[in-house]
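Read off the chains here:
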Amino acid sequence: MARNKIALIGAGQIGGTLAHLAGLKELGDIVLFDIVDGVPQGKALDLAESSPVEGFDAKLAGASSYEAIAGADVVIVTAGVPRKPGMSRDDLLGINLKVMEAVGAGIKQHAPDAFVICITNPLDAMVWALQKFSGLPASKVVGMAGVLDSARFRYFLAEALGVSVRDVHAMTLGGHGDDMVPLVRHSTVGGVPLPDLVTMGWLTQEKLDAIVERTRKGGGEIVALLKTGSAFYAPASSAIAMAESYLKDQKRILPCAAYLTGQYGVDGTYVGVPCLIGANGVEKIVEVAFNDAEKAMFAKSLASVNGLIDACKQIQPAL
Ligand code: TXD
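Because the structure is predicted, anything quoted here is derived from the model rather than measured.

**Student:** Explain the sheet that holds strand 9 (residues 192-193) to me, please; I cannot follow it from the model alone.
**Tutor:** Picture the strands of a sheet paired through backbone hydrogen bonds; they go either parallel or antiparallel. One open sheet holds the three strands; their spatial order is 7-8-9, and the pairing between them is antiparallel. Each having just a single partner strand, strand 7 (168-173) and strand 9 make up the two edges of the open sheet. Relative to strand 9, strand 8 (residues 181-189) is paired through two bridges, and the arrangement is antiparallel. Paired with Val-189 across the strands is Val-192, a residue of strand 9.

**Student:** Explain empty space enclosed by the protein here, please?
**Tutor:** Over the atoms, a rolled probe matching the size of one water molecule traces out where space is still vacant. Scanning the model with the defined rule gives one cavity of 30 Å³ or more in all. Considered as a void within the structure, the largest cavity measures approximately 40 Å³ in volume. Along the walls of the largest cavity sit Ala-145, Gly-146, Asp-149, Thr-172, Leu-173, Gly-174, Gly-175, His-176 and Gly-272, which together make up its complete lining. Elements supplying a minimum of two residues to the lining of the largest cavity: helix 5 (146-161) and strand 7. Residue composition of the lining of the largest cavity, by class: two nonpolar, six polar and one charged.

**Student:** I keep staring at the packing of helix 1 (residues 13-24) against helix 2 (residues 39-54) and nothing clicks. Help me out?
**Tutor:** A packed helix pair is summarised by two numbers, namely the angle formed by the two axes and the spacing between the axes. Viewed as axis vectors pointing N to C, helix 1 and helix 2 meet at an angle of 25 degrees, and their least axial separation amounts to 10 Å. By the criterion of interaxial angle, the relationship of helix 1 to helix 2 is roughly parallel. Considering only the axes of helix 1 and helix 2, their crossing is right-handed. Across from Gln-13, Gly-16, Ala-19, His-20 and Leu-24 in helix 1, the residues of helix 2 making contact are Lys-43, Leu-47 and Glu-54. For the contact of helix 1 with helix 2, the residue count by class is three nonpolar, three polar and two charged.

**Student:** Can you help me understand the packing of helix 1 against helix 9 (residues 233-247) in this one?
**Tutor:** Contact pair helix 1 / helix 9: the axes reach a minimum separation of 9 Å and the direction vectors enclose 50 degrees. Considering the angle they form, helix 1 stands oblique to helix 9. Here the hand of the crossing between helix 1 and helix 9 comes out right-handed. The residues of helix 9 that touch helix 1, namely those facing Ile-14, Thr-17, Leu-18, Leu-21 and Ala-22, are Tyr-233, Pro-235, Ala-236, Ser-237, Ala-239 and Ile-240.

**Student:** Just to check I follow, could you spell out the site of the ligand for this structure?
**Tutor:** In the vicinity of the ligand there are 29 residues, among which Gln-13, Ile-14, Asp-34, Ile-119 and Met-144 approach most closely. A distance of 3.2 Å separates an oxygen atom of the ligand from a polar atom in the backbone of Gly-80. A distance of 2.8 Å separates a nitrogen atom of the ligand from a polar backbone atom of Met-144. Expressed as a share of its isolated accessible area of 860 Å², the protein-covered part of the ligand is 88%. Elements with a minimum of two residues in the shell around the ligand: helix 1 and helix 3 (93-110). Split by residue class, the shell around the ligand holds 17 nonpolar, ten polar and two charged.

**Student:** Honestly, the environment of Gly-38 in this entry has me stumped. Any pointers?
**Tutor:** Locating Gly-38 in the fold gives a position in the loop between strand 2 (29-33) and helix 2. Residue Gly-38 is classed as partly exposed on the basis of its relative accessible area, which comes to 36%. Between the alpha carbons of Gly-38 and Ser-64 there is a distance of 8.3 Å; along the sequence they are 26 residues apart.

**Student:** Please explain the packing of aromatic side chains as it appears in this structure.
**Tutor:** Given two aromatic rings, their pairing is described by the distance between the two centres and the angle made by the two planes. What the rule picks out here adds up to eight aromatic pairs. Arranged with centres 4.5 Å apart and planes meeting at 15 degrees, the rings of Phe-115 and Tyr-246 form a pair that is stacked. Here the residue Phe-115 occupies a position in strand 5 (residues 115-118), and Tyr-246 occupies one in helix 9, the gap between them amounting to 131 residues. For Phe-115, a relative accessible area of 0% puts it in the buried group. When its relative accessible area of 11% is taken as the criterion, Tyr-246 is described as buried. Residues Phe-290 and Phe-298 carry aromatic rings whose centres are separated by 5.3 Å and whose planes lie at 50 degrees to one another, so their mutual orientation is tilted. The pair Phe-290 / Phe-298 is uniform in exposure class, with both members buried. Cluster of aromatic residues (ring-pair linked, three or more members): Tyr-264, Phe-290 and Phe-298.

How each quantity is defined
Each chain has its residues counted from 1, running along the sequence as written. Side-chain atom pairs in this predicted model are given and counted only at pLDDT of 80 or more, local residue features only at pLDDT of at least 70, and totals for whole chains, interfaces and linings cover all residues. With hydrogens and water stripped out, all remaining heavy atoms of the structure feed into the side-chain values. At least two DSSP bridges between two strands are needed for those strands to be called paired. Numbering of helices and strands runs from the N terminus, with a helix taken as a DSSP run of H or I at least four residues long and a strand as a DSSP run of E at least two residues long. Cavity and pocket criteria rest on a 1 Å grid covering protein atoms alone: a 1.4 Å probe that fits but cannot get out defines a cavity, protein on both sides within 12 Å along at least 5 of 7 lines defines an open pocket, and an atom within 4 Å of a point defines a lining residue. Grid points are joined across faces, edges and corners, and a volume is the space filled by probe spheres set on the points. Nonpolar residues are Ala, Val, Leu, Ile, Met, Phe, Trp, Tyr, Cys and Pro. Charged residues are Asp, Glu, Lys and Arg, and all others, Gly as well, are polar. Every axis in this analysis is a line fitted to C-alpha atoms, fitted for helices over the stretch in contact. Angles between the N-to-C directions lie between 0 and 180 degrees. To sort the angles, those under 35 degrees are grouped as roughly parallel, those over 145 as roughly antiparallel, those from 65 to 115 as roughly perpendicular, and the leftovers as oblique. Helix crossings get a hand from a simple test, with the near helix turned counterclockwise from the far one by less than a right angle marking a left-handed crossing and a clockwise turn marking a right-handed one. Note on definitions: a residue-residue contact is assigned when non-hydrogen atoms from the two residues lie within 4.5 Å. We call a residue near a molecule or strand as soon as one heavy atom of that residue lies within 4 Å of the molecule or strand. Counting of polar contacts relies on pairs of N or O atoms within 3.5 Å, with two restrictions inside protein: one atom must be capable of donating a hydrogen and the other of accepting it, and residues adjacent in sequence are counted only when both atoms are side-chain atoms. Only the protein chains shown count as cover for residues, with accessible areas throughout obtained via the Shrake-Rupley method and a probe of 1.4 Å. Each residue is placed in one exposure class: buried if its accessible area under a 1.4 Å probe, protein chains only, is under 20% of its type's maximum, exposed if it is over 50%, and partly exposed if it falls in between. Pairing of aromatic side chains requires ring centres within 6.5 Å, counting the rings of Phe and Tyr and the six-membered ring of Trp. Pairs whose planes differ by under 30 degrees are stacked, by over 60 edge-to-face, and all others tilted.

The structure is reproduced here in structure tokens:
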């Protein structure tokens, strides 16, 4: 059986890390595409030269033309400009919307059967625009944010409690912004919900509140430390988990920005919700029962996403 093909649009910090992980995990042959000539070719060659040492078989190629992504099974999009210190995700909107238009056209023409994962910020608006520009079915176009935000939440909890990250399950839904929705009641350590851990004295309410707040601001914390650019290792790992669930039909339930058609009382918007990812793309959207406080947080986050989508429509009335 022929190997799968993974096309990475954008060969920057995340794109390069995606290629590295996809190679190490032998997910398929890899094409790195970027508008900056030389960078995708250089990264592809460097990674290919690591393959004999690491012991993985994959063809790696760099490209500056969309023909190279032809027939891709998975396309992961990081093309665009990342945040700089002091810059909000929304500042990126105008620049990256134009990038999505070009990328959407490239995917439509050369990889219309692919499962497309968008990472470019502002995430929820960019994945919405990419689906429109590409014309692919909404079940095949998802955004990566929830896996990353949940991973940050999980890591902070594991660190605070001194337990393995493997035993911490946590979920962050809503838009990928500072008003994202970390779901405390639905997150567990060793199967025990977080509020019960507070009752049991494992964690104080203050510490839990601080972790929730740190999770919301997790992206900014890294931006402030790095000073140039934003997080890339954990974002790449997160998108690879989504790609792997699709390619191997794992049917994992992962929080992704997905197109809602009535679920959660929302229609026609992309926002972070738990999705079952299998060979058909988003096969199911899980509707978590919210209490009033969670409903209010989700509504606030959704309003921010809708604001960004409206801003896209202003810039591009055709959308
Ligand atoms: O959770 C999440 N979704 C995110 C999103 C977490 C972290 C970072 N997030 C966003 O991902 C970030 O705000 C950016 O919008 C993207 C990519 O981040 P990365 O750190 O990889 O940015 P780089 O290193 O600047 O890489 C972007 C590449 C760069 O090489 C550009 O030359 C290229 O994109 N680029 C393009 N490639 C193809 N086509 C076009 N038009 C294009 N424009 C720029």
